[in-house]
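# Coordinate inspection notes
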Amino acid sequence: MTTADRTTRPPAPRETGPKPKDDLGPTTPKIERPAAPNPLIDRLNKLDKDAAKQYRQRSGQ
Amino acid sequence: MREVLAGIETEYGISVAGRGPTEQVDDARRFVSAYPSPCFVGWDSRFETPRKDIRGFQVAHLSVDPVDAAFDRAPVTAPVSDLRADRVLANGARFYNDHGHPEYATPEAFSATQVAALDHEGERILWQTAQAFGEPVKLFKNNTDFHGASYGTHESYLVPRGLTFDQLFAALVPMLVARVVLCGAGKVGSEHGTPAAFQLMQRADFFTELASVDTLFKRPLFNTRDEPHANPEHWMRLHVIATDANRIVQATARKVGLMQIAVALAEMGWQPTQQLANPIKAIQSVSRDLTFSFPVELEGGAGSSAPRILAEYFDAAEERLTLTPELAQLVEECRFLLDALDTDWGAFKSRVDWAAKYHLISEYRAENDLDWEDPTLIALDLGYADLDPEESLFDALVEMGEVVAPPEPPLEQNDSRAIARALAVEHFGKYLSGVSWLRLTFEVNNRTQTVELRPDCRYPAHALPLTDVESFIEALRRIQNAP
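Please read all numbers here as calculations on a predicted model, not as lab measurements.

## Here we look at the overall build of chain A
A tally of helices and strands in chain A yields two helices and zero strands. Relative to its full complement of 61 residues, chain A shows a buried share of 31%. Summed over all atoms, the accessible surface of chain A reaches about 4500 Å², with 53% contributed by carbon and sulfur.

What follows is the structure, given as structure tokens:
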């Protein structure tokens, strides 16, 4: 994933819940890209998906 | 226009491996104590008055969060006198344990760009301390744990005592609400009120009051604690609570510059015609509006929007103030961003934290077909705030050019009173017995000498002799006694 793939605003979430399958709009053709270092993908792959459940803090000011 | 002295305090999120909120006060104390570079230990808190309200009264006690208070059971491994682990750093900043959070308070500066650079330096200082800490620790520059606990970033501005609070509120509150569009740090979900998938502001859920002396509970947009850190006859400190911790350095400069403009306009007696019917409701609705139109209700029932309110400030600033080049450029950038919000999303999201985060998370969610409630999205939010350069999603976005890189530090050196504090710590630390925002106390030849640092004066480094402590003190006194 590179966030540069999209230069328009993401659509506003209509409601919380599963992402609708039928409003994706026209699909872009699949283009094979040369593998290049992508620090974002590297870090997303390493992301601790449970971090949010474990993260608790004291209230501050 | 008078250049408005400003500073930012940030309480960082901290998570030590195997520990939790019950031990957090002790962890933060031990963490700050691990700061590895030269500093002065001995913050002078004798003149702090947290219960005194700027509106002319004193409260008996400050409110506490009853949920949070339950964590106060754990023993702390330090004497009370060392609980804060207060340090004054060699750049003039204060670094200490504030209620379980390592807090970095920037040195004061007149320039918004300099305040932002000093705030960014705080991230480096926190990370440097993490390397010296000796235990696995995660640090987050954010303002929420996503479970109902919030911790602050605050801004302080030096304001003439002659301005009444009514004048200040009328001139500043619409700006505080409207600037969220250009300065919010962004957050997945909500912690109070109606559910939200994503918000522009990390802190919006937590405000219930317009102004209050409290900050831990029933949080206000403005804190009214009467601690001017200056001569109280002439000055007061405007303590802004309604702000987020930004990662984009230019966004930090933007929020400070916008408030400096609003304060300067207030000093001229100006206030926007667009006064909000309910500022708390407005900041929360702007934060949650993902249609990006940001409507607000004005007094009298008319409608407006955050961008229209900002435009009124920009017009007034350009018409009425002699803007510094820095602030003139800032107004121009803000006008560009408001336009880019509709016409050039790529440019907007590269300069505004909430947009960069929203874009990243929306893309990830779409590719992985996740609900907005999926906790993975909060993990991404935390990843954006993560200070670890190897793991931070924000740093990855900068590396890829998706988000603007921090600017080069300003060429002009800071010349606020913080420079005097910094030089005292760096060169005359062995003579210091107390340091605060306002005062330096030295012990020289068995004599105590206290010097006041005036917030309205300039302390250029080249004018402060470093040959010996007595010449240094004498130079500070000359500035103190200047008309």
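Next comes the rest of the account.
## Structural notes on the pattern of salt bridges
It is possible for side chains bearing opposite charge to pair when their charged atoms get close. Under the defined criterion, the tally for this structure stands at 39 salt bridges over all chains. Close ionic contact of D50(A) with K53(A) constitutes a salt bridge, the shortest N to O distance being 3.3 Å. Given a relative accessible area of 35%, D50(A) falls into the partly exposed group. One salt bridge in this structure joins D205(B) and K187(B), with 2.9 Å as the shortest N-O distance. Of this pair, D205(B) sits in the loop between strand 12 (198–199) and strand 13 (207–212) while K187(B) sits in strand 11 (residues 187–188), placing them 18 residues apart in sequence. Classification of K187(B) by relative accessible area gives buried; the value is 0%. Connected through salt bridges with shared partners, the residues D119(B), E123(B), K141(B), R247(B) and D395(B) form a single ionic network.

## Concerning the side chain of S304(B)
Residue and element names in this part refer to chain B. Within the element layout of this structure, S304 appears in strand 17 (residues 303–305). For S304, a relative accessible area of 7% translates into the label buried. At 2.3 Å, the side chain of S304 forms a polar contact with the side chain of Q274. In contact with S304, not counting residues within four places along its chain, are Q274, F294, P295, V296, L298 and I309.

## Considering the environment of A211(B)
Residues and elements named next belong to chain B. Within the secondary structure, A211 is located in strand 13. Residue A211 is classed as buried on the basis of its relative accessible area, which comes to 15%. Separated by 30 residues in sequence, A211 and I241 place their C-alpha atoms 9.4 Å apart. The contacts of A211, once residues within four sequence positions are left out, are R55, F169, P220, F222 and T224.

## Thoughts on the packing of aromatic side chains
All names here are of chain B. Using the criterion set out here, one finds 20 aromatic pairs over all chains in the structure. Centroid distance F292 to Y358: 6.0 Å. Interplanar angle 85°. Geometry classified as edge-to-face. Of this pair, F292 sits in the loop between helix 7 (279–288) and strand 16 (295–297) while Y358 sits in helix 11 (residues 353–368), and the two are 66 residues apart along the sequence. Residue classification places Y358 among the buried residues on the basis of a relative accessible area of 0%. A ring pair is formed by F442 and F472, whose centres lie 6.4 Å apart and whose planes are at 80°; its orientation type is edge-to-face. Highlighted residues: F442 in strand 19 (residues 439–444) and F472 in helix 15 (residues 469–480), separated in sequence by 30 residues. Each member of the pair F442 and F472 is classed as buried. Each residue in the set F198, F292, F294, W345, F348, W354, Y358 and W372 is aromatic and connected to the rest through ring pairs, giving one cluster. Residue placement shows R94 over the ring face of Y96; its charged tip is 3.9 Å from the ring centre. Cation over ring: R458 sits above F110, and NZ or CZ is 3.8 Å from the ring centre.

## With respect to the sheet that holds strand 20 (residues 447–452) of chain B
Residue and element names in this part refer to chain B. The antiparallel open sheet is built from three strands, whose spatial order is 18-19-20. Pairing within the sheet leaves two strands with one partner each, and these edge strands are strand 18 (432–435) and strand 20. Strand after strand, the sheet turns through a mean of 15° between neighbouring axes, direction not considered. Across six bridges, the pairing between strand 19 and strand 20 is antiparallel.

## Some remarks on the interface of chain A and chain B
Contacts between the two partners involve 37 residues from chain A, matched on the other side by 69 residues from chain B. Carbon and sulfur atoms supply 56% of the area that chain A and chain B bury against each other, a total of about 4700 Å² over both sides. Of the charged contacts, one joins D342(B) and R9(A) as a salt bridge, the two residues approaching to 3.4 Å between their closest N and O atoms. Where chain A touches chain B, the interface holds 23 residue pairs in polar contact (both at pLDDT 80 or more). For the side of chain A that touches chain B, the secondary-structure elements that each account for two or more residues are helix 1 (39–46) and helix 2 (51–54) of chain A.

## With respect to unusual backbone geometry
Residues and elements named next belong to chain B. In the Ramachandran plot, D369 falls in the positive-phi region, its phi being about 55° despite a non-glycine side chain. Exposure remark for D369: the relative accessible area of 37% places this residue in the partly exposed category. Phi is positive for N445, close to 50°, though the residue is something other than glycine. Residue placement: N445 occurs in the loop between strand 19 and strand 20.

## Some points on helix 1 of chain A
All names here are of chain A. Among all positions of helix 1, only P39, L40, R43 and L44 are buried. In an axial view of helix 1, the angular spread of the buried residues amounts to 130°, which keeps them on one side of the axis. When the buried face of helix 1 is taken as reference, the exposed residues oriented beyond 90 degrees from it are N45 and K46.

Reading guide: rules and limits
- Residues numbered from 1 in each chain as written.
- Chains lettered and ligands numbered in written order.
- Predicted model: local features only at pLDDT ≥ 70, side-chain atom pairs only at ≥ 80, totals over all residues.
- Heavy atoms only, no water.
- Helix = DSSP H or I, 4+ residues; strand = E, 2+ residues; numbered from the N terminus.
- Buried < 20%, exposed > 50% of the residue type's maximum accessible area, 1.4 Å probe, protein only.
- Areas by Shrake-Rupley, 256 points an atom, 1.4 Å probe, with all protein chains shown as cover.
- Salt bridge = Lys/Arg side-chain N within 4 Å of Asp/Glu carboxyl O.
- Polar contact = N/O pair within 3.5 Å; in protein donor to acceptor, adjacent residues only side chain to side chain.
- Contact = heavy atoms within 4.5 Å.
- Phe/Tyr/Trp six-rings, centres within 6.5 Å; stacked < 30°, edge-to-face > 60°.
- Lys NZ or Arg CZ within 6 Å of the ring centre and 35° of its normal.
- Pairing = 2+ DSSP bridges.
- Axes fitted to C-alpha atoms, helices over the stretch in contact; angles between N-to-C directions.
- Buried area = accessible area lost by both parts, 1.4 Å probe.
- Arc of directions from axis to C-beta.

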